[in-house]
There are 2 protein chains.
Amino acid sequence: MSQSGAEIRRRLQDAGLRPTRQRVALAELLFAKGDRHLAAEDLHFEAIESGVPVSLATVYNTLHQFTNAGMLRILAVEGSRTYFDTNTSDHHHFYIEEEGEVVDVPVSGLRVENLPEPPEGMEVANIDVVIRLRRKR
Amino acid sequence: MSQSGAEIRRRLQDAGLRPTRQRVALAELLFAKGDRHLAAEDLHFEAIESGVPVSLATVYNTLHQFTNAGMLRILAVEGSRTYFDTNTSDHHHFYIEEEGEVVDVPVSGLRVENLPEPPEGMEVANIDVVIRLRRKR
DNA sequence: CTGTGTGCAAACTCTTTGCATAAGT
DNA sequence: ACTTATGCAAAGAGTTTGCACACAG
């Protein structure tokens, strides 16, 4: 799932985004390691850590640009933090409240059956299943 | 599903919450009209509107107390706002992004099949299915 | 009376925005 | 050069907290 710099630059251009230093660097962090779920702050931290001095505001802007371009999906899992998911295809999540951690549900399993009709004039945009976990006592 | 004042007072006491003016009033607003999904601000507005001068802080406190008492559930649907759901039993939701509106999925239908094993030492707390809707084009 | 609840305003967290500077094509 | 992106700091939204006063038991 990892992508070369050139590939990333092309992807950005196809999305109408100029491949700036920051965007390329952030895209590399996001897409180099397979599926990831992270908050803006997490990515900001990683960027700084790996020597790319982006501002947090730019990380937010960039994440939203990527989301609009269909490269990311927003994950509504918890009230305060917004998580971004690098896997834009249909899949579902475990959420561990104590650690604020999101884990993919293995695709093999879970299926949503017997989907009801949406109300008049509406269509399904997507379905999010969040399985909240707690530590066994 | 509507409840008398006395019934509400008893429910609060059973939960270890003193049935104060504000708590009784808020509980009546919450539970008088069947299943509801609302944000703290919505409830605050309704309270003021119906002549109960609670502060927003008290609404938040009260909503969390009710949640801890199992009378409400928190609904993770969208990044910014926290929705509280008066229906604490297992059921799922439509979410209409444009209007920030949450609607119950008729219980009859949808079922989640083939639930995968949670990771080691974890158990399922609950499952939230959010069906995001958009207007048909 | 005693202790818990409430209101207010201030603090906090996460996120967005405005504007001058910097970088991409 | 011309245009779009970035950084910073400040503003915004939603939520939480601390402390003095009010109320329930």
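Residue numbers run consecutively from 1 along every chain, following the written order of its sequence. All chains are assigned letters beginning at A, and all ligands numbers beginning at 1, according to the order in which they are written. Where totals are concerned, whole chains, interfaces and linings use all residues; where local detail is concerned, this predicted model gives features only for residues with pLDDT of at least 70, and gives and counts side-chain atom pairs only at 80 or more. To obtain the side-chain values, all non-hydrogen atoms of the structure were used and water was disregarded.

**As for the packing of aromatic side chains**
Logical step 1: Centre distance within 6.5 Å is the pairing criterion for rings of Phe, Tyr and Trp, where only the six-membered ring of Trp is used; planes under 30 degrees apart are then read as stacked, over 60 as edge-to-face, and the remainder as tilted. For the structure shown, the criterion picks out 1 aromatic pair over all chains.
Logical step 2: Seen in terms of ring centroids, Phe31(B) and Phe66(B) are 6.5 Å apart; in terms of plane orientation they differ by 35 degrees. Their pairing is tilted. Of this pair, Phe31(B) sits in helix H2 (residues 21-31) while Phe66(B) sits in helix H4 (residues 56-68); the two residues are 35 residues apart in sequence, bridging distant segments of the chain.
Logical step 3: A ring is scored as having a charge over it whenever the NZ atom of a lysine or the CZ atom of an arginine sits within 6 Å of its centre and within 35 degrees of its normal. Lying over the aromatic face of Phe31(A), Arg11(A) brings its terminal NZ or CZ to 4.8 Å of the ring centre. Put simply, DSSP marks the helices as runs of H or I at least four residues long and the strands as runs of E at least two long, and each gets a number from the N terminus on.

**Considerations on unusual backbone geometry**
Residues and elements named next belong to chain A.
Logical step 1: Although it is not a glycine, Asn114 adopts a positive phi angle of roughly 65 degrees.
Logical step 2: Relative to the helices and strands, Asn114 is located in the loop between strand S6 (111-113) and strand S7 (122-135).
Logical step 3: The exposure class assigned to Asn114 is partly exposed, which follows from its relative accessible area of 48%. Buried residues are those whose accessible area, probed at 1.4 Å on protein chains only, stays under 20% of the maximum for their type, while exposed residues exceed 50% and partly exposed ones sit between those limits.

**Digging into the protein's contact with DNA strand C**
Logical step 1: A cutoff of 4 Å decides nearness: a residue is near a molecule or strand if any of its heavy atoms lies inside that distance of it. Close to DNA strand C lie 22 residues; Tyr60(A), Arg81(A), Thr82(A), Arg23(B) and Thr58(B) are nearest.
Logical step 2: Pairs of N or O atoms are called polar contacts if they sit within 3.5 Å, as long as, within protein, a hydrogen donor faces a hydrogen acceptor (for residues adjacent in sequence, only side-chain-to-side-chain pairs). At 2.8 Å, a side-chain N or O of Gln22(B) approaches a sugar or linking oxygen of DNA strand C.
Logical step 3: Those elements that provide at least two residues to the surface near DNA strand C are helix H4 (56-68) of chain A together with H2 and H4 of chain B.
Logical step 4: The greatest single-element share of the surface near DNA strand C, amounting to 5 residues, is contributed by H4(A).
Logical step 5: Three residue categories are used. Nonpolar comprises Ala, Val, Leu, Ile, Met, Phe, Trp, Tyr, Cys and Pro, charged comprises Asp, Glu, Lys and Arg, and polar comprises the others, including Gly. Grouping the constituent residues of the surface near DNA strand C by class yields 7 nonpolar, 9 polar and 6 charged.

**A short note on the packing of helix H3 (residues 40-49) of chain A against H4(A)**
Residue and element names in this part refer to chain A.
Logical step 1: Packing of H3 against H4 brings their axes to within 9 Å, and their N-to-C directions diverge by 120 degrees. With respect to each other, H3 and H4 are oriented oblique. Pair H3 / H4 crosses with right-handed handedness. Contact residues: Ala40, Glu41, Leu43 and His44 in H3; Leu56, Val59, Tyr60 and Leu63 in H4.
Logical step 2: Among the residues forming the contact of H3 with H4, the class breakdown is 6 nonpolar, 1 polar and 1 charged. Axes here mean lines fitted to C-alpha atoms, for a helix over just the part in contact, with angles spanning 0 to 180 degrees between N-to-C directions. Geometric relationships in this document are graded by angle, where less than 35 degrees denotes roughly parallel, more than 145 denotes roughly antiparallel, 65 to 115 denotes roughly perpendicular, and other angles denote oblique. Definitions for this section: a left-handed crossing has its near helix turned counterclockwise from the far helix by less than a right angle. A right-handed crossing has that turn clockwise. By definition, residues are in contact when any of their heavy atoms lie within 4.5 Å.

**Observations regarding the relation of the copies chain A and chain B**
Logical step 1: Superposing copies: least-squares fit, C-alpha atoms only, residues required to have pLDDT of at least 70 in both. With an axial shift of 0.0 Å and an RMSD of 0.1 Å, the rotation relating chain A to chain B amounts to 180 degrees. Considering both components of the superposition, the chain copies are consistent with a two-fold axis.
Logical step 2: Looking at chain A, 100% of its interface residues are interface residues in chain B too, so the copies touch through the same face.

**Digging into the environment of Leu110(A)**
Logical step 1: Inspection of the secondary structure assignment puts Leu110(A) in the loop between strand S5 (101-104) and S6.
Logical step 2: Look at Leu110(A) and you get buried, because its relative accessible area is 8%.
Logical step 3: With 17 residues separating them in the primary sequence, Leu110(A) and Ile127(A) have C-alpha atoms 12 Å apart.
Logical step 4: Residues contacting Leu110(A), with those up to four places away along its chain left out, are His92(A), Val105(A), Val129(A), Ile131(A), Val112(B), Glu113(B), Asn114(B), Leu115(B) and Pro116(B).

**Brief notes about the sheet that holds strand S4 (residues 93-96) of chain A**
Logical step 1: Pairing between two strands is assigned when DSSP locates at least 2 bridges connecting them. If you trace the 6 strands from one edge of the open sheet to the other, you get S5(A)-S4(A)-S7(A)-S7(B)-S4(B)-S5(B), paired in mixed fashion. On the outer flanks of this sheet lie S5 of chain A together with strand S5 (101-104) of chain B, each paired with one strand and no other. Shown here is a sheet whose adjacent strand axes are inclined to one another by a mean of 30 degrees, direction ignored.
Logical step 2: Both S7(A) and strand S7 (residues 122-135) of chain B contribute to a ladder of 13 bridges, which runs antiparallel. The residue of S7(B) that forms the bridge with Ile127(A) is Ile131(B).

**A short note on the nonpolar core**
Logical step 1: To form a nonpolar core, buried Ala, Val, Leu, Ile, Met, Phe, Trp, Tyr and Cys residues must be joined to one another through side-chain atoms within 4.5 Å. With 22 residues, the main nonpolar core has Leu30(A), Leu43(A), Leu63(A) and Phe66(A) as its most contacted residues.
Logical step 2: Residue assignment for this core shows that the elements contributing at least two residues are helix H1 (5-14), helix H2 (21-31), H3 and H4 of chain A.
Logical step 3: In terms of residues, this core owes the most to one element, H2(A), which gives 7 residues.
Logical step 4: Leave out the neighbours within four places in its chain, and Leu43(A) touches Leu26(A), Leu29(A), Leu30(A), Leu38(A), Val59(A) and Leu63(A).
Logical step 5: If you look at the next biggest cluster of nonpolar residues, it comprises 20 residues, including Ala27(B), Leu29(B), Ala47(B) and Met71(B).

**A look at the interface of chain A and chain B**
Logical step 1: Each partner contributes to the interface: chain A provides 37 residues, whereas chain B provides 37 residues.
Logical step 2: Carbon and sulfur atoms supply 59% of the area that chain A and chain B bury against each other, a total of about 3,400 Å² over both sides.
Logical step 3: Two parts lose some accessible area (1.4 Å probe) when they are put together, and adding that loss for both gives the buried area. Of all residues in chain A, Met122(A), Glu123(A) and Arg132(A) give up the largest surface area on contact with chain B, accounting jointly for 19% of the area buried on that side.
Logical step 4: Think of a salt bridge as a Lys or Arg side-chain nitrogen and an Asp or Glu carboxyl oxygen that are within 4 Å of each other. Applying the counting rule to chain A against chain B returns 5 salt bridges.
Logical step 5: Note that Arg132(A) is salt-bridged to Asp128(B), the shortest N-O span being 2.9 Å.
Logical step 6: The tally of links between chain A and chain B comes to 13 residue pairs in polar contact (both at pLDDT 80 or more).
Logical step 7: Looking at the side of chain A that touches chain B, the elements with two or more residues in it are S4, S6 and S7 of chain A.
Logical step 8: Considering each element in turn, the side of chain A that touches chain B owes the most residues, 14 residues, to S7(A).
Logical step 9: In the side of chain A that touches chain B, the residues fall into 19 nonpolar, 7 polar and 11 charged.

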